[in-house]
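Survey of secondary and tertiary structure
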Amino acid sequence: MAIGYLGPEGTFTHAAARELCPGTELVALATQAQAIAQVEDGTIDGAVVPVDNTVNGVVLPTWDSLLLTTESRIVADVLVPVTFNAYALDADVAPEVVASHPHALAQCARYVGSLGVPSRVTSSTAEACASLAPGEVAIAAPVCAELYPVATIATEVEDGAGAITQFGLVTRDDVRPTTERWTTVFAALPERNAPGSLAALLGPLSALGCNLENIVARPVRDSVDYVFLLFVADLDADREAAALESLGARCSGLSVLGRLAATKPSGPDGASGVPVRLASVGS
Ligand SMILES: O=C(O)C(=O)C[C@]1(C(=O)O)C=C[C@@H](O)C=C1
């Protein structure tokens, strides 16, 4: 059993993979696109990928990669609190460049701006530490202080405390999480050439008592069409079946990209999925 993750060691995805798949062989890969493609073609048994972040929203490269698959879907998930430190090879560094994953640079925009130097985008936060050059500052997880030969020059450099990233386990098995309630992610291609086709697709969901929590439009490759990612929350099995039937009758293509547990333990205060997101937005 081998599970891929966005490497190298010390990424937030690595932490999520250890939580979701304890005792399993973990394989470091360069991108989540590569990880999902390797699940799809059977090279690996599963992959852990970021799906949503309380600051940056849905993680588009993950969903765009899932849209290219036919067998793979998200079968389990976990929330990981995200906090960043700044590292350099030398504690007395005069910063010339700041390096990290684009999501990390965005979540630490104030600190990054205060350095007043150009950014170097890396494939992950830990990769910034692994490839750190003299004169560079890397932004990465606290655990990187133990994994890489770096000096910590600042801690908790994120703009706002309490950010959380949700990670999903992608496999080819259609195994539901052991919960009664979950958010199902449907990819639906409505019949677009008629006025009101999107409203016709979505309207019946409310009559079925389904909570449409989020909707994201993504372009369909090699076409002028868009596919809509529908995050429908608080579904039990019956309601999910009814939602599938209703959507299927009103669109030209439909697939289930995965199920995310609506309520799960995690976060420093033991708070749960959706309520955490709402609480952090409101506070
Ligand atoms: O670079 C990492 O450490 C990752 O696991 C990726 C990732 C992301 O894609 O959002 C995960 C969590 C953080 O929000 C920053 C980066």
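Calculation notes
- Residues numbered from 1 in each chain as written.
- Predicted model: local features only at pLDDT ≥ 70, side-chain atom pairs only at ≥ 80, totals over all residues.
- Heavy atoms only, no water.
- Helix = DSSP H or I, 4+ residues; strand = E, 2+ residues; numbered from the N terminus.
- Contact = heavy atoms within 4.5 Å.
- Areas by Shrake-Rupley, 256 points an atom, 1.4 Å probe, with all protein chains shown as cover.
- UniProt positions renumbered as here; feature names shortened; annotations may be inferred.
- Pairing = 2+ DSSP bridges.
- Axes fitted to C-alpha atoms, helices over the stretch in contact; angles between N-to-C directions.
- Patch = residues over 30% accessible without salt bridge, like charges linked within 9 Å, V, L, I, M, F, W, Y side chains within 5 Å.
- Salt bridge = Lys/Arg side-chain N within 4 Å of Asp/Glu carboxyl O.
- Buried < 20%, exposed > 50% of the residue type's maximum accessible area, 1.4 Å probe, protein only.
- Domains from an automatic or database assignment.
- Right-handed = clockwise from strand over helix to strand, strands pointing away.
- Parallel < 35°, antiparallel > 145°, perpendicular 65-115°, else oblique.
- Left-handed = near helix turned anticlockwise from the far one by under 90°.
- Nonpolar A, V, L, I, M, F, W, Y, C, P; charged D, E, K, R; others polar.
- Core = buried A, V, L, I, M, F, W, Y, C linked by side-chain atoms within 4.5 Å.
- Expected span 1.5 Å × (residues − 1).
- Arc of directions from axis to C-beta.

A separate point is the overall build of the protein. Within the protein, the regular secondary structure consists of ten helices and 15 strands. Here the analysis covers contacts within the protein between residues at least 6 apart in sequence; of these, 73% occur between residues at least 24 apart. Here the protein displays about 12700 Å² of accessible surface, and carbon together with sulfur accounts for 54% of that area.

Quick look at the UniProt feature "domain: Prephenate dehydratase" (unreviewed entry) in the protein now. Mapped onto this numbering, the UniProt entry gives "domain: Prephenate dehydratase" (unreviewed entry) at residues 2-172. When the span residues 2-172 is considered, its composition is 29% helix and 33% strand, and the gap between its end C-alpha atoms is 13 Å.

Let's shift gears to the sheet that holds strand S7 (residues 97-100). An order of S8-S7-S9-S6-S10 is seen for the five strands of this open sheet, with the pairing classed as mixed. Two strands lie at the open edges of the sheet, namely strand S8 (119-121) and strand S10 (151-154), each paired on one side alone. Taking each pair of neighbouring strands and ignoring which way they run, the sheet shows an average axis angle of 35°. Note: S7 against S8, three bridges, orientation parallel. When the bridges of S8 are listed, Ala99 appears paired with Arg120.

A few words now on a nonpolar patch on the surface. A cluster of nonpolar side chains, Leu198, Leu212 and Ile215, forms an exposed patch at the surface whose accessible area comes to about 190 Å². Inspection of the secondary structure assignment puts Leu198 in helix H8 (residues 197-207). Residue classification places Leu198 among the partly exposed positions, given a relative accessible area of 30%.

Turning our attention to the domain arrangement of the protein. Domain parsing of the protein yields domain 1 (1-81 + 164-175), domain 2 (85-154) and domain 3 (176-268). Placing a centre on the C-alpha atoms of domain 2 and another on those of domain 3 gives a separation of 38 Å.

In this section: the pairing of strand S2 (residues 25-29). Strand direction decides the pairing type here: strand S1 (residues 2-6) and S2, joined by five bridges, are parallel. Note that in S2 the partner of Tyr5 across the bridge is Ala28. Crossover connection from S1 via helix H1 (residues 12-20) to parallel S2: handedness right-handed.

For the rest of this paragraph, the subject is the packing of helix H2 (residues 32-40) against helix H3 (residues 60-67). Packing of H2 against H3 brings their axes to within 9 Å, and their N-to-C directions diverge by 25°. Overall, the two elements H2 and H3 adopt an arrangement that is roughly parallel. Remark: the crossing between H2 and H3 carries right-handed chirality. When H2 is examined against H3, the residues Gln32, Ala33 and Ile36 are found in contact with a partner set consisting of Pro61, Thr62, Ser65 and Leu66. A breakdown of the residues in the contact of H2 with H3 according to their chemical character gives four nonpolar, three polar and no charged.

So, about the nonpolar core. The biggest cluster of nonpolar side chains holds 29 residues, and the ones touching the most others in it are Val48, Phe84, Val98, Tyr111, Ile139, Val157 and Phe167. Every element with two or more residues in this core is listed here: S1, H1, strand S5 (73-81), strand S6 (85-88), helix H4 (102-107), helix H5 (109-115), strand S9 (136-140) and strand S11 (164-171). In contact with Val98, other than residues within four places in its own chain, are Leu105, Val112, Leu115, Val117, Pro118, Ser119, Arg120, Val137 and Ile139. Residues Leu29, Ala35, Val170 and Val185 belong to the second largest nonpolar core, which totals 22 residues.

Its 13 residues place the ends of helix H9 (residues 237-249) 19 Å apart at the C-alpha level, agreeing with the 18 Å of an ideal helix rising 1.5 Å per residue. Those residues of H9 that fall on the buried side of the exposure criterion are Glu240, Ala243, Ser246 and Leu247. Here the buried residues of H9 occupy an arc of 130° about the axis, which is enough to place them on one side. More than 90 degrees from the buried face of H9, the exposed residues found are Asp238, Glu245 and Ala249. For H9, the secondary structure elements touched by its buried residues are strand S12 (182-190), H8, strand S14 (226-235) and strand S15 (251-261).

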